[in-house]
Amino acid sequence: MSQFDEKAGGARPTAAWPRATTAVAGVIGFPVRHSLSPLLHNTAFAALGLDWSYLAFEVPPGSLDRAVAGAAALGLRGLSVTMPHKDAAARLATRRSRQVRALGAANTLRFDEGAIVAESYDGDGLLDDLRDGGFDPAGRRCGVIGAGGAARAAVLALAEAGAYEVVVVNRTVTAAWRAAALAPTVVRVGRPDDLRRTDLVVQATPAAMAGGGPPRETAPAAQAGQAQPVPREGKDEEGRDAEVSPIVAGVDPAWFGAGQLVVDLVYDPALSPFLAEARRAGATVRNGLGLLVYQAARQIKLWTGAEPPLGAMWAAVGGNVWPAGPEEAAGPWTGKGARQA
Ligand code: NAP
């Protein structure tokens, strides 16, 4: 019997489910109502036939300690952790993975017989997604825009994956230095136009959703610290009004071209202004949906021990990692996960 009531559009559990024995996991963040994680995880649990349920908990800043203590006391199996709680989650854990210790941030908690185990899967999720698409960072020149939690996870993961170098470009240079200190032999703080000479660029700021750099005319000479949203005129390629600049922290995506892969960790919109411009310039582009799917897959493996059903998970979120239209969707960057049944 389906655990969902067909008459209620398939979204409402039957009276017989969830049961007293149903295992519960969830995501904590603020805000969290937009999160795709419940869809991803509940799809995976259903595909695996597991008596598990996953909920979203909106926990205001400053309330994490009480929320996590309550979750542990209630017997929750695990929590995904999103902004603004990643640093606090790392602090309150009783066991921390190597990545969590290095980054001082966690995106996953597992409750294990009184212990609170913290993991950070953003970096591994990025690497899984890059490799899924055929890009191995080993020996490659990489750039990361941003120096927040996601950027730092990307920097550490790329360095540990054997990148030849990782150049960090950020609006605030002190934060970039902190990110570079994660792996000083491989990572350095760079100028925006240093990213012209990279094989991979990871855009890891929220600015790509709303625009974020200095005016296009001044971008090549732009210095960290100048970035401001800039109104633009005209139409974009979809015929919509182009309201914002695609430039982020002084990096103009129009600089990129053939042979370069540009990943924007933003996945809503699927094609950010930054990615759209990079694609127009000839670069291969990919959004952050793959990271989301792969870090969730690692959480499922950690909590349940089961192999995550990647095909079902990709299908649930639309599989649109490669927001470049039907012709490119048939190409090498569709991702193996998206093709699995
Ligand atoms: P965060 O810790 O708040 O870091 C924000 C970073 O973005 C900082 O380096 C900040 O620079 C920079 N920034 C913010 N606004 C900017 C602007 N207008 N112009 C230039 N730089 C700007 O955030 P986060 O957790 O790292 O997340 C970053 C992005 O990645 C978010 O959009 C998030 O949704 C996305 N993300 C996606 C996934 C996924 O599953 N795909 C996972 C994690 C994060 P300063 O240092 O100068 O303030």
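Residues numbered from 1 in each chain as written. Predicted model: local features only at pLDDT ≥ 70, side-chain atom pairs only at ≥ 80, totals over all residues. Heavy atoms only, no water.

### Section: the pattern of salt bridges
If you walk through the whole model with that rule in mind, you get 17 salt bridges. For the salt bridge of Arg98 with Glu160, the shortest nitrogen-to-oxygen distance reads 2.7 Å. Pair noted here: Arg98 is in helix H4 (residues 98-103) and Glu160 is in helix H6 (residues 149-160), with a separation of 62 residues, a long-range link. The salt bridge involving Arg140 is made with Asp199; its shortest N-O contact spans 3.6 Å. Placement of the pair is Arg140 in the loop between helix H5 (122-132) and strand E9 (141-145) and Asp199 in the loop between strand E11 (187-189) and strand E12 (200-203), with a sequence separation of 59 residues. (Salt bridge = Lys/Arg side-chain N within 4 Å of Asp/Glu carboxyl O. Helix = DSSP H or I, 4+ residues; strand = E, 2+ residues; numbered from the N terminus.)

### Section: the nonpolar core
Inside soluble globular proteins, nonpolar side chains tend to come together where they are buried. Judged by nonpolar contacts, the single largest core of 35 residues is most densely connected at Leu130, Val144, Leu158, Val166, Val187, Leu200 and Val202. Residue assignment for this core shows that the elements contributing at least two residues are H5, E9, H6, strand E10 (165-169), helix H7 (173-180), E12 and strand E13 (261-264). Of all the elements, H6 adds the most residues to this core, at 8 residues. Discounting chain neighbours no more than four positions away, the residues touching Leu200 are Leu130, Phe135, Arg141, Cys142, Gly143, Leu158, Leu261 and Val263. The next biggest cluster of nonpolar side chains, apart from the first, holds 21 residues, and it includes Ala25, Phe45, Tyr54 and Ala297. (Core = buried A, V, L, I, M, F, W, Y, C linked by side-chain atoms within 4.5 Å. Buried < 20%, exposed > 50% of the residue type's maximum accessible area, 1.4 Å probe, protein only. Contact = heavy atoms within 4.5 Å.)

### Focus: the site of the ligand
Inspection of the region around the ligand gives 24 residues, with Ala147, Ala150, Asn170, Thr172 and Gly288 positioned closest. Gly149 is positioned such that a nitrogen or oxygen atom in its backbone is 3.0 Å from an oxygen atom of the ligand. When the free accessible area of the ligand is taken as 930 Å², the share hidden by the protein chains comes to 77%. Those elements giving two or more residues to the shell around the ligand turn out to be H6, helix H8 (207-210) and helix H10 (289-304). Class assignment of the residues belonging to the shell around the ligand gives a composition of 14 nonpolar, 8 polar and 2 charged. (Near = heavy atom within 4 Å. Polar contact = N/O pair within 3.5 Å; in protein donor to acceptor, adjacent residues only side chain to side chain. Areas by Shrake-Rupley, 256 points an atom, 1.4 Å probe, with all protein chains shown as cover. Nonpolar A, V, L, I, M, F, W, Y, C, P; charged D, E, K, R; others polar.)

### Notes on the pairing of strand E3 (residues 23-29)
For a regular strand, side-chain orientation follows a simple rule: the groups alternate between the two sheet faces. Among the 7 residues that make up E3, 6 are buried, leaving the element largely enclosed by the rest of the structure. Sheet topology places E3 next to strand E4 (residues 52-58); 7 bridges connect them, and they run parallel. Of the residues in E4, the one forming a bridge with Val27 is Ala56. On the question of chirality, the crossover connecting E3 to the parallel E4 by way of helix H1 (residues 37-48) is right-handed. Relative to strand E5 (residues 78-81), E3 runs parallel, the two being bridged by 4 bridges. For Gly26, the partnering residue across the bridge sits in E5 and is Leu79. (Pairing = 2+ DSSP bridges. Right-handed = clockwise from strand over helix to strand, strands pointing away.)

Geometric descriptors of this kind do not, in isolation, establish any biological role.
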